[in-house]
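Observations on the three-dimensional arrangement
Read off the chains here:
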Amino acid sequence: MNVPATREDLMIVNMGPHHPSMHGVLRLIVTLDGEDVIDCEPILGYLHRGMEKIAENRTIIQYLPYVTRWDYLATMFTEAITVNAPEQLGNIQVPKRASYIRVIMLELSRIASHLLWLGPFMADIGAQTPFFYIFRERELVYDLFEAATGMRMMHNYFRIGGVAADLPYGWIDKCLDFCDYFLTGVSEYQKLITRNPIFLERVEGVGIIGVEEAINWGLSGPMLRASGIQWDLRKVDRYECYDEFDWEVQWQKEGDSLSRYLVRIGEMVESIKIIQQALEGIPGGPYENLEIRCFDRVRNPELNDFDYRFISKKPSPTFELSKQELYVRVEAPKGELGVFLIGDQNVFPWRWKIRPPGFINLQILPQLVKRMKLADIMTILDINSFSRLEYLKEVYGMIWVLVPIFTPVLGITIGVLAIVWLEREISAGLQQRIGPEYAGPLGILQALADGTKLLFKENLLPSRGDTRLFSIGPSIAVISILLSYLIIPFGSNLVLSDLNIGVFLWIAISSIAPIGLLMSGYGSNNKYSFLGGLRAAAQSISYEIPLTLCVLSISLRAIR
């Protein structure tokens, strides 16, 4: 009878990025003592778009279609911060009607983002029904976006000095109907969720963040306001025309997951109040400051006359960013979304630094989940509080992911080249000849040059030989060497898991190289060439593979 053994040591578990509750963008390395969380390490870098460097090589108009990919749950906010920065840098005035339209679009986007937070959040803690309900209202919001902008998600609607187009006929009435309908939907959510005893058991008193902790960790948005701090940039900075509407900042003081849920539910109701007031009081007038289209444009009168008269091609406006620096921020659904902009008297930004709310809010996660249960991680993580497209917003993140891989590969390659060079020099000295060591410093790169020549420069084919066998042989010899790098057995965190397996696999793969040399000699149908192939294979087996194996063993042992 086999008695199951009880493990008493700690267990390390991967959550994500393919775990359903991670949504494909985040990985957590969780150390468990039974069901208790001892440690948690967030691993970022599963979604990268290099948005900052793209911005520094585009004009603002060219860059606008990209920005909705920052956070596809709150697309209007990424467009707003992109146009607000050059507007403040150039002191550009926005017409009143355009400002009202912007507020309406921003609050609709806030509702859509909170809805897509609510559904997956409830599904992650075990309640599937709200997940289907939220798409009903969210689709209505996207219908309004599509009618006004032509796109449901990636709108490209905001412009420097206004918006791209005015609201179509009948849009305001449809939006008012949606507001009335959505208020009844929020009441349904509250009846279904807020007083549900199972839901309260999962979220009440879980993941508590105090006032000082929230400030010290730089939290913003619902995570900050749920800890008792009434901080909302719409009230603090008074951007757009928010100060003309009657609404309240939603906040709670308990600081737990239930408080963060209540803050978001309250914010959706307040957004409806703002939208209704904006729709009822929207003024007439232009929807874009057309005068700024003539600012700082490089003109060529003769070329422009030709374009306008014959081609009808009207160049897009370009805005020269003055030589100064500026930080602009808006209150996005997840918190403070900011951009640090440096102009350099050029149409391209000299520096475009994004301050994403979710990326900053994620800092506190390891502290919150310690000494909690494994099932509480999803309640605390609240994945949609952390923007899905923020996890690899810098190209440097991808570089640092690859550095641990390239380091041993580069070290092994340098070691092998050095040993092959030393072997050639010793052989040349014993045979009283000068070795062909010309490539690289002191000829250390000659082995790479010989391999390249073997693959691409050899065009002499024997007339009586087997052409296919003669051509395939060198490829097998070289490719087997390259494949040997793929067998380094990395485990979690790119740490070598088993040195013995690595050495064994390398011997197996590198043994293919002599077979390629023998194939080349045999395929030539010439006894002297075949003897040369036998000699090269014997040389490889006798000391080239063992010498390389020594370097590999030392390198793998060093990085273990």
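What counts and how
- Residues numbered from 1 in each chain as written.
- Predicted model: local features only at pLDDT ≥ 70, side-chain atom pairs only at ≥ 80, totals over all residues.
- Heavy atoms only, no water.
- Helix = DSSP H or I, 4+ residues; strand = E, 2+ residues; numbered from the N terminus.
- Buried < 20%, exposed > 50% of the residue type's maximum accessible area, 1.4 Å probe, protein only.
- Contact = heavy atoms within 4.5 Å.
- Areas by Shrake-Rupley, 256 points an atom, 1.4 Å probe, with all protein chains shown as cover.
- Phe/Tyr/Trp six-rings, centres within 6.5 Å; stacked < 30°, edge-to-face > 60°.
- Lys NZ or Arg CZ within 6 Å of the ring centre and 35° of its normal.
- Pairing = 2+ DSSP bridges.
- Axes fitted to C-alpha atoms, helices over the stretch in contact; angles between N-to-C directions.
- pLDDT = per-residue confidence, 0-100.
- Polar contact = N/O pair within 3.5 Å; in protein donor to acceptor, adjacent residues only side chain to side chain.
- Salt bridge = Lys/Arg side-chain N within 4 Å of Asp/Glu carboxyl O.
- Parallel < 35°, antiparallel > 145°, perpendicular 65-115°, else oblique.
- Left-handed = near helix turned anticlockwise from the far one by under 90°.
- Nonpolar A, V, L, I, M, F, W, Y, C, P; charged D, E, K, R; others polar.

Of regular secondary structure, the chain possesses 21 helices and 8 strands. Out of the 560 residues in the chain, the part that is buried amounts to 47%. Relative to all contacts within the chain whose residues are 6 or more apart in sequence, the contacts with residues 24 or more apart total 68%. Carbon and sulfur atoms form 59% of the exposed surface of the chain, whose accessible area is close to 28200 Å².

What follows deals with the packing of aromatic side chains. All chains considered together, the criterion is met by 14 aromatic pairs. For the pair F131 and F132, a centre-to-centre distance of 5.8 Å together with 85° between the ring planes defines the contact as edge-to-face. Judged by centre distance (6.3 Å) and plane angle (65°), the ring pair of Y242 and W247 falls under edge-to-face. Pair check on accessibility: Y242 and W247 agree, each one buried. Ring pairing ties together the aromatic residues Y63, Y66, W70 and W352, which thus form one cluster. Positioned above the aromatic ring of Y133, the side-chain terminus of R136 is 5.2 Å from the ring centre. Looking at R234, its charged tip hangs above the ring of Y242, at a distance of 5.8 Å from the centre.

This paragraph deals with the sheet that holds strand β8 (residues 351–355). Taking strand neighbours across the sheet as the criterion, the 3 strands line up as β6-β7-β8 in an open arrangement whose pairing is antiparallel. The open sheet terminates on both sides in strands that have one partner only, identified here as β6 (325–332) and β8. Strand-to-strand twist across the sheet, computed as the mean angle between neighbouring axes with direction ignored, equals 15°. In this sheet, strand β7 (residues 335–342) lies alongside β6 in antiparallel orientation, the contact comprising 8 bridges. Residue pairing across strands places V328 opposite V339, the latter belonging to β7. Docked against the sheet, helix α3 (residues 75–89) engages β6, β7 and β8, running at close to 150° with respect to β6.

Looking now at the environment of F158. As for its position among the elements, F158 is in strand β4 (residues 158–159). Look at F158 and you get buried, because its relative accessible area is 0%. As for F158 and I61, which are separated by 97 residues in sequence, their C-alpha atoms are 10.0 Å apart.

The next point concerns the confidence of the model for the chain. Mean pLDDT over the chain: 77, with 61% of residues reaching 70 or higher. By mean pLDDT, the top-scoring element of the chain is helix α11 (residues 257–281) (94), and the lowest-scoring one is helix α12 (residues 301–311) (51). Scored below 50 in pLDDT, residues 387–401 makes 53 contacts in the model with residues more than four places away or belonging to other chains. Counting interchain partners and residues more than four positions distant, the pLDDT-below-50 stretch residues 490–496 has 19 contacts.

This part takes up the side chain of S227. Relative to the elements of secondary structure, S227 occurs in the loop between α9 (222–225) and α10 (233–236). In terms of polar contacts, S227 uses its side chain to reach the backbone carbonyl oxygen of I209, at 3.0 Å. Polar side-chain contacts of S227 include one of 3.3 Å to the backbone oxygen of M223. Once residues within four sequence positions are removed from consideration, S227 is found in contact with I209, G210, V211, A214, Q252, K253 and G255.

Okay, the pattern of salt bridges next. Taken as a whole, this structure holds 24 salt bridges when the rule is applied. Where R351 meets E56, a salt bridge forms, and the shortest distance between an N and an O atom there is 2.8 Å. Residue R351 is found in strand β8, and its partner E56 is found in the loop between α1 (51–55) and α2 (60–67); the two are separated by 295 residues along the sequence. The shortest N-O distance in the salt bridge between E137 and R136 comes to 2.9 Å. Since its relative accessible area comes to 0%, E137 is described here as buried. Three or more residues are tied together by salt bridges with common partners; here these are E107, R110, R225, D232, R234, E267 and E331.

Glancing now at the packing of helix α5 (residues 129–149) against helix α6 (residues 171–194). Two elements in contact, α5 and α6, have axes separated by 11 Å at closest approach and are oriented at 165°. When the axes of α5 and α6 are compared, the pair comes out roughly antiparallel. You can see that α5 and α6 cross each other, and the crossing is left-handed. Between α5 and α6, the contacting residues are P130, Y133, I134, R136, E137, L140, V141, L144, A147 and A148 on the first element and W171, K174, C175, F178, Y181, F182, G185, E188, Y189, L192 and I193 on the second. Classifying every residue of the contact of α5 with α6 by side-chain character gives 16 nonpolar, 1 polar and 4 charged.

On to the packing of α6 against α11. Contact pair α6 / α11: the axes reach a minimum separation of 10 Å and the direction vectors enclose 160°. When the interaxial angle is binned, α6 and α11 end up roughly antiparallel. As for how α6 packs across α11, the hand of that crossing is left-handed. By residue class, the composition of the contact of α6 with α11 is 19 nonpolar, 3 polar and 1 charged.

All right, on to the sheet that holds strand β3 (residues 36–43) then. Spatial ordering of the open sheet is given by β1-β2-β3, a layout of 3 strands whose pairing is antiparallel. The open sheet is flanked by β1 (11–15) and β3, the only strands paired with a single partner. Looking at each pair of strands side by side, their axes are set apart by 20° on average, direction ignored. Relative to strand β2 (residues 27–33), β1 is paired through 5 bridges, and the arrangement is antiparallel. When the sheet's bridge partners are listed, M11 is paired in β2 with L32.

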